[in-house]
Amino acid sequence: DECLARLRTGDEAAFLGQMQRFVDTVRALAVQPFRATPEFLRIFGAVRLPEGLKSAEVSDIDLVLPNIIVHGGAWHVIDYEWTFDFPIPIDFIVFRTLRYLLAEDHGHGIAQHPDLRRRLLSLAGIGTDARPYIRMELALQRHIAEPGSCIADLFPQGAGGPRLAAVVASLC
């Protein structure tokens, strides 16, 4: 919220400064060269990625800004649901953060800054060709929606009565 508050008040330079700090912090987690493992290929497929990408040993790919609470200057990640213990390009994690930031303008004022998308991707070092990361995101969404990936899929039809099934299905 602190970061987005800068943008709401029209202080684009402060917003971009905080986003640069975020990008630098996330990039610092990448301690090894990226390599596509069987686990990566199972979820993301054989996507053609740029050379020389880095990855972390463990990756939380849901580092969207609402999942980070800043308290006393320290960052606290509050959602670990999409954490993987295989290499994922750190650029994809940064891309997802920016994608959701730009896609979900909940009064943040992003729409009032038409050049912001290009500037954020440039700041993140992603450049103008985000197609590999879009393909990864689509593959991830397909993986999430696979049968057996929702808690409702774990209940036999009618187990616990129709009301429980409806409540569980509404969560998916």
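From a predicted model like this one, the values you see are computed outputs, not experimental measurements.

Rules used in this analysis
- Residues numbered from 1 in each chain as written.
- Predicted model: local features only at pLDDT ≥ 70, side-chain atom pairs only at ≥ 80, totals over all residues.
- Heavy atoms only, no water.
- Helix = DSSP H or I, 4+ residues; strand = E, 2+ residues; numbered from the N terminus.
- Areas by Shrake-Rupley, 256 points an atom, 1.4 Å probe, with all protein chains shown as cover.
- Buried < 20%, exposed > 50% of the residue type's maximum accessible area, 1.4 Å probe, protein only.
- Expected span 1.5 Å × (residues − 1).
- Salt bridge = Lys/Arg side-chain N within 4 Å of Asp/Glu carboxyl O.
- Pairing = 2+ DSSP bridges.
- Arc of directions from axis to C-beta.
- Polar contact = N/O pair within 3.5 Å; in protein donor to acceptor, adjacent residues only side chain to side chain.
- Contact = heavy atoms within 4.5 Å.

Draft legend 1. Just the overall build of the protein, in detail. Across its full length, the protein holds 7 helices and 6 strands. Secondary structure elements in the protein, listed N-terminal to C-terminal, are α-α-β-α-β-β-β-β-β-α-α-α-α. Counting every atom, the protein has about 10,200 Å² of accessible surface; 55% of that belongs to carbon and sulfur.

Draft legend 2. Layout of the environment of glutamate 12. For glutamate 12, the location among the structural elements is in helix α2 (residues 12-27). For glutamate 12, a relative accessible area of 18% corresponds to the buried category. A C-alpha to C-alpha distance of 8.9 Å links glutamate 12 and leucine 116, two positions 104 residues apart in sequence.

Draft legend 3. Molecular detail of helix α4 (residues 90-103). For α4, spanning 14 residues, the distance from its first C-alpha to its last is 20 Å, which sits close to the expected 20 Å at 1.5 Å a residue. The set of residues buried in α4 consists of Ile90, Asp91, Phe92, Ile93, Val94, Phe95, Arg96, Thr97, Leu98, Tyr100 and Leu101.

Draft legend 4. Examining the pattern of salt bridges more closely. Under the criterion given, the structure shown has 4 salt bridges. Note that arginine 119 and glutamate 12 form a salt bridge whose closest N and O atoms lie 2.2 Å from each other. Separated by 107 residues along the polypeptide, arginine 119 in helix α5 (residues 116-123) and glutamate 12 in helix α2 bring together distant segments of the chain. For glutamate 137, the salt bridge goes to arginine 96, with nearest N and O atoms at 2.5 Å. Remark: arginine 96 occurs in helix α4 and glutamate 137 occurs in helix α6 (residues 131-144); sequence separation between them is 41 residues. Judged by its relative accessible area of 5%, arginine 96 is buried. Each member of the salt-bridge network shares a partner with another, and the members are Arg96, Arg99 and Glu137.

Draft legend 5. Spatial organisation of the pairing of strand β5 (residues 74-77). Summarising the sheet, strand β4 (residues 68-71) and β5 pair through 4 bridges and their orientation is antiparallel. Counted as the bridge partner of isoleucine 68 is valine 77 from β5.

Draft legend 6. Spatial organisation of α2. Compared with the 22 Å implied by 1.5 Å per residue over 16 residues, the 22 Å span of α2 between its first and last C-alpha is a close match. Buried within α2 we find Glu12, Phe15, Leu16, Met19, Phe22, Val23 and Val26. Projected onto a plane normal to the axis of α2, the buried residues spread over an arc of 115° and lie on a single side.

Draft legend 7. Expanded view of the side chain of glutamate 137. Of the residues examined, glutamate 137 reaches a relative accessible area of 1% and is grouped as buried. In this structure the side chain of glutamate 137 is engaged in a polar contact, spanning 2.7 Å, whose partner is the side chain of tyrosine 100. Residues within four places of glutamate 137 in sequence aside, it is in contact with Phe92, Arg96, Arg99 and Tyr100.

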